[in-house]
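Working through the structure, step by step
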Amino acid sequence: MTLAVGIAIGSVYALVGMGYSLVYRTTGVVNFTVGSYVVLGGLGTWWLLDQAHFPYGLAVIGGIILAGAIAGAFWTLIVIPLWRRRSPAYVVLLSTVIGGAIIAPLTELLITPQAEELPPWVSGFTLHISGSDISGQYVFVIAAGLAVLAGVSLFLRQTMLGKQLRACGASRETSRLLGIHPELAGGIIMVITGLIGGLAGALITPAQSSEASMGLTFGIFGFAAAALGGLDSVAGAFLGGILLGTGQAFIDRYYTPNYDEVIVFALLVAILVLRPNGLFGRAEHAG
Amino acid sequence: MTTGSPLLTAEHVTKAFGGVMAVHDVSLTIDAMAIHGLIGPNGAGKSTLISLLSGFARPDSGEICFDGRDVTQLGPARLARLGMARTFQAATPLAGMTVLENIQVALTIKYRSGLFSVLARTPAMRREAKALAAQARELLAVFGLLADADRPARDLPFGKLRYLEIARAVATEPKLLMLDEPAAGLNQVEVDQLAALISWVRADGVAVLLVDHDVSFLFSICDRITVLNFGKVVVSGSAAEVRGSELLREAYLGPAIPQHPDPPVAESRRPESRHLEAQ
Amino acid sequence: MSRAWRARDGLVVAAAAVAVVMTELSGSSYWIYSLCLVGIYAVVAIGFNIALGLAGQVSFAQVAFMAVGGYATALLTTKAHADPWLALLAGTALGAALSFVLNLPFLRLSGHYLGMATLALALGVQSFAENASSITGGALGVFGVPSLTLGSFSLAVHSRFYVVVWTACALCLTVYYLTAKSHLGRAWRAIAARPDVSASLGINVSRARILALVLAGTMAALSGGLWALLLNYVAPDYFGLAMIGNIFFMVIAGGMGSLAGPLVGAAFVVLVPQEMSSLGQWQGVVLLAMLLGVLVLWPTGLLGDPRAAGSITALLPARLRAMPTRTGKAGS
């Protein structure tokens, strides 16, 4: 049962991690706001359902769109101006850290400061695994994770646009020569990442409550997932997320729930120092 | 260091990048106080060779000896302190620093004072700083840059940037100076001035490795020349030997074709032509 | 850096010195307390100005060393009953040592990867402080940190502690000034611009980097210790993302590599929120939003050299820009 929960949580980390990887491969930007879209999706859906009394399906769609819209807005209002000012990469990184940090209090103030839950997608859908019941919602999360992985990988490898976007990530100048507008491409990718995050939030919130402050936690764990798998490998990020989720679940259950964050951070530092390309990334120099 | 004794020797140096042989079994000797030219078409491996010699890359096999010691595995900072200096192909003025500061940075290795001397402002440290600042200014004067001393280095016009690049390398008081395409983009007058400058540097006891495309420029001042093509040494010897060599012509123009007595292609083989197109 | 800019920096520092002295003389407890905070923030900012402003090292870990200094001082005084002065010195020394040891493995990283590893370090330290309740008191922190005393002369009164804070600040500023204008400062600026060219000139890039990072870590630890002594309290809350943002903001918005920059940045970061306390819950959001705004609008800082950034018309979409800029590129 721990394994199942671990894989499910890991799928959320994986989705966030894939978001990091996707954005990084196509724009060269490490975007720390990616984790916050999970919370936005989940809580946005809750608000539409609970406060605006939308039908559930519509609320989910609304929550996902909200996450995508905020992602796009952040890109347009913050990253694009910084690019135009030729800001150094660390200023862009810093702005995304601050962006991620700002979404949490904003969510608390505008949507809800409390932890909220959503009704399950299929009521009564529970699984019996080794004597305990877990919500079937977790299955949806895992399925979504796999679907996104497949979809994004296919997109990047097989479609023309996907290949162009990959070239884009290497150099903004090159992408211009290829006829791609890097700002627009980055914006589209960001919105897609936001939508994915929002979906993850809408999926996981029925299984466990979401709270505004979790956005940064997801951001960090998602980043650890991406780093574990190698920042430029989407599949790696997925695997990294699953590993991380299961690892955390086991540590929580058998060791201690208190130090799980510290262990993740220590692991992240070790990975970055020893194998900056992650476990599955291609060999490139570290920065 | 007596003229003529070997200063830098590279033996059977090889470097491949992902399956492409950039440099293959290259051997080369540069004598003290010699001016040694390195030419070859684009993609011949000149930049890779310079990277290997200056410590920015390690050869896959082979040995490099400098001033009597094996330096194959050493990095650029160590090599600089042993007396090897280089310039870069595109001029690299240090952003945010003035012309004078660029030279002063090159003199950093001459400072003996560490953090504590700096904080305590010891008399030794102050003397040193004054002396080295004066030395930097002298060097700027030699290169005609003294008037620009306090200008941001990035604001210099193209030709002066080149001089700054060379002045900075010379400031480290090297035994060997590697110049990477110093004449690119200069007009004939500037090239002549550059040639005079290089001769002056050599007269001061510095060996020079000169990489460039301007064949007539190289032949006018180099003692010895090495020709590279496809990562291999095509021909190497004194300037006179190489100038007459068939192999040099082949490297640039391809193998000789049966010709009429007055072939139009002979036009471009005249020594005074400034540039040979790569084949 | 041109003479004009440096002269202006000197003027700002002089003005700050006057303001500091006059505040002490005024006796206003509000202002004295506020400027105590400004001084403490300035200390960590000056250190970070060396690491980032001069040497271009993007390290998010300063806050971790602040925590080290703060907790060391707090724990040594409360648990080991050490003299507060000794605890402060020990905390600073510990911060120096740890910043040396912890930054060494990071030397092989740069750019993004350095940023990410140091961010993980900083958050890890905060998380540890939150969770290791038996050592650090957990989320509640450490109470009852005694104030400094000079013999029998208590420095608990803020107006007296003020002198300690601003003496420390002046000391750090002097260290900054002396190193920045020496060959060390030039080496730092060179490696910030082109580490490869610097290496080709014989500079030991790793040594220069670690020196900058250790100086930054030491000042951060000093700042943390002073913080513990001022508030008589430390808690993990103080050493998180908000403080990371503040530290970057002070250096970037103040003007990277400028002498007075950290002072201006620290004043902003302390005084502006106080004026905005009426906003209540919205304070945090507005502050972060302002930080983002400054990053976008003044990338070289309020005191920085505006020529170093792209022009502000670059923010407009390509179609609206009238003609290509002087650099020849019609856009970024």
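Calculation rules
- Residues numbered from 1 in each chain as written.
- Chains lettered and ligands numbered in written order.
- Predicted model: local features only at pLDDT ≥ 70, side-chain atom pairs only at ≥ 80, totals over all residues.
- Helix = DSSP H or I, 4+ residues; strand = E, 2+ residues; numbered from the N terminus.
- Buried ≥ 20, exposed ≤ 12 C-beta atoms within 10 Å, placed from the backbone.
- Contact = placed C-beta atoms within 7 Å.
- Nonpolar A, V, L, I, M, F, W, Y, C, P; charged D, E, K, R; others polar.
- Pairing = 2+ DSSP bridges.
- Axes fitted to C-alpha atoms, helices over the stretch in contact; angles between N-to-C directions.
- Domains from an automatic or database assignment.
- Expected span 1.5 Å × (residues − 1).
- Left-handed = near helix turned anticlockwise from the far one by under 90°.

Next up on the list: the overall build of chain B. Scanning chain B for helices and strands turns up ten helices and ten strands. Every one of the 279 residues in chain B was classed for burial, and the buried ones make up 41%. Residue pairs at least 24 apart in sequence account for 68% of intrachain contacts in chain B once pairs closer than 6 positions are excluded.

With that settled, the discussion passes to the overall build of chain A. Along the backbone of chain A there are eleven helices and two strands. Reading chain A from its N end, one meets helices and strands in the order α-α-α-α-β-β-α-α-α-α-α-α-α. Looking at chain A residue by residue over its 287 residues, the buried ones come to 58%.

With that settled, the discussion passes to the interface of chain C and chain B. With 21 residues of chain C at the contact, the number on the chain B side is 26 residues. Counting residues per element, the ones that place at least two in the side of chain C that touches chain B are helix 7 (158–181), helix 8 (183–193), helix 9 (195–200) and helix 10 (205–231) of chain C. A total of seven residues in the side of chain C that touches chain B trace back to one element, the largest contributor, which is helix 8 of chain C. Among the residues forming the side of chain C that touches chain B, the class breakdown is twelve nonpolar, six polar and three charged.

All names here are of chain B. An order of 6-7-8-3-9-10 is seen for the six strands of this open sheet, with the pairing classed as mixed. Strands with a single pairing partner mark the edges of an open sheet, and in this sheet they are strand 6 (84–86) and strand 10 (232–238). Strand after strand, the sheet turns through a mean of 15 degrees between neighbouring axes, direction not considered. Pairing of strand 6 with strand 7 (residues 176–180) involves three bridges; the strand directions are parallel. Bridging across to strand 7, arginine 86 finds its partner in methionine 178. With respect to the sheet, helix 1 (residues 46–53) is in contact with strand 3 (35–39), strand 6, strand 7, strand 8 (207–211) and strand 9 (224–229), its orientation differing from that of strand 7 by roughly 150 degrees. Together, strand 3, strand 7 and strand 8 form the strand contacts of helix 7 (residues 188–203), whose direction differs from that of strand 8 by roughly 150 degrees.

Turning next to the domain arrangement of chain B. The domains assigned to chain B are domain 1 (6–90 + 177–269) and domain 2 (94–155). One C-alpha centre belongs to domain 1 of chain B, the other to domain 2 of chain B; they are set 31 Å apart.

Below, the discussion takes up the pairing of strand 8 of chain B. The side chains of a regular strand alternate, residue by residue, between the two faces of the sheet. Residue and element names in this part refer to chain B. A large share of strand 8 lies buried, amounting to five of its five residues. On strand 8, burial covers both faces: Ala207, Leu209 and Val211 on one face and Val208 and Leu210 on the other are all buried. Bridge count between strand 3 and strand 8: four bridges; the pairing is parallel. Its bridge partner being in strand 8, histidine 36 is matched across the sheet by leucine 209. As paired elements, strand 7 and strand 8 share five bridges and run parallel to each other. Note on strand 8: the bridge partner recorded for leucine 177 is valine 208.

This part is about the interface of chain A and chain C. Contacts between chain A and chain C engage 39 residues on the former and 39 residues on the latter. Elements represented by at least two residues in the side of chain A that touches chain C include exactly helix 3 (56–84), helix 4 (89–110), helix 9 (214–229) and helix 11 (260–274) of chain A. For the side of chain A that touches chain C, the element with the most residues is helix 4 of chain A, which contributes 14 residues. In the side of chain A that touches chain C, the residues fall into 30 nonpolar, five polar and four charged.

Looking now at helix 8 (residues 182–204) of chain A. Compared with an ideal rise of 1.5 Å per residue, which puts 23 residues at 33 Å, helix 8 of chain A spans 32 Å between its outermost C-alpha atoms and is within 8% of the ideal. By the criterion of burial, helix 8 of chain A is predominantly enclosed, with 20 of the 23 residues buried.

All right, on to unusual backbone geometry then. One non-glycine residue with positive phi stands out, namely glutamate 173 of chain B, at about 50 degrees. Looking at the element boundaries, glutamate 173 of chain B is found in the loop between helix 6 (158–171) and strand 7. For histidine 81 of chain C, which is not a glycine, the phi torsion comes out positive at approximately 50 degrees. Histidine 81 of chain C sits in the exposed class, given 9 other C-beta atoms within 10 Å.

Moving on: the sheet that holds strand 4 (residues 61–66) of chain B. Residue and element names in this part refer to chain B. The sheet built from four strands is open, its strands ordered 2-1-4-5 with antiparallel pairing. Of all strands in the sheet, those bounded by a partner on one side alone are strand 2 (20–31) and strand 5 (69–70). Pairing geometry for strand 1 (residues 6–17) and strand 4, over five bridges, is antiparallel. Its bridge partner being in strand 4, leucine 8 is matched across the sheet by phenylalanine 66.

Residue and element names in this part refer to chain C. The interhelical angle for the contact between helix 11 (residues 241–254) and helix 13 (residues 283–297), taken along N-to-C directions, is 35 degrees, at an axis separation of 11 Å. The way helix 11 lies across helix 13 gives a crossing that is left-handed. Residues Gly245, Phe249, Ile252 and Ala253 of helix 11 lie in contact with helix 13, whose contacting residues are Leu288, Leu291, Val294 and Leu295. Residue composition of the contact of helix 11 with helix 13, by class: seven nonpolar, one polar and no charged.

Let's shift gears to the environment of glycine 136 of chain A. Residue and element names in this part refer to chain A. The residue glycine 136 is located in the loop between strand 2 (132–135) and helix 5 (137–158) in this model. Classification of glycine 136 as partly exposed rests on a count of 17 C-beta atoms within 10 Å. Separated by 83 residues in the primary sequence, glycine 136 and histidine 53 place their C-alpha atoms 25 Å from one another.

All names here are of chain B. Counting buried residues along helix 1, six of its eight residues qualify, which places the element largely inside the surrounding structure. Looking at helix 1, one finds that the buried residues are Lys46, Thr48, Leu49, Ile50, Leu52 and Leu53. With its phi angle positive at about 90 degrees, glycine 55 sits one or two positions after the end of helix 1.

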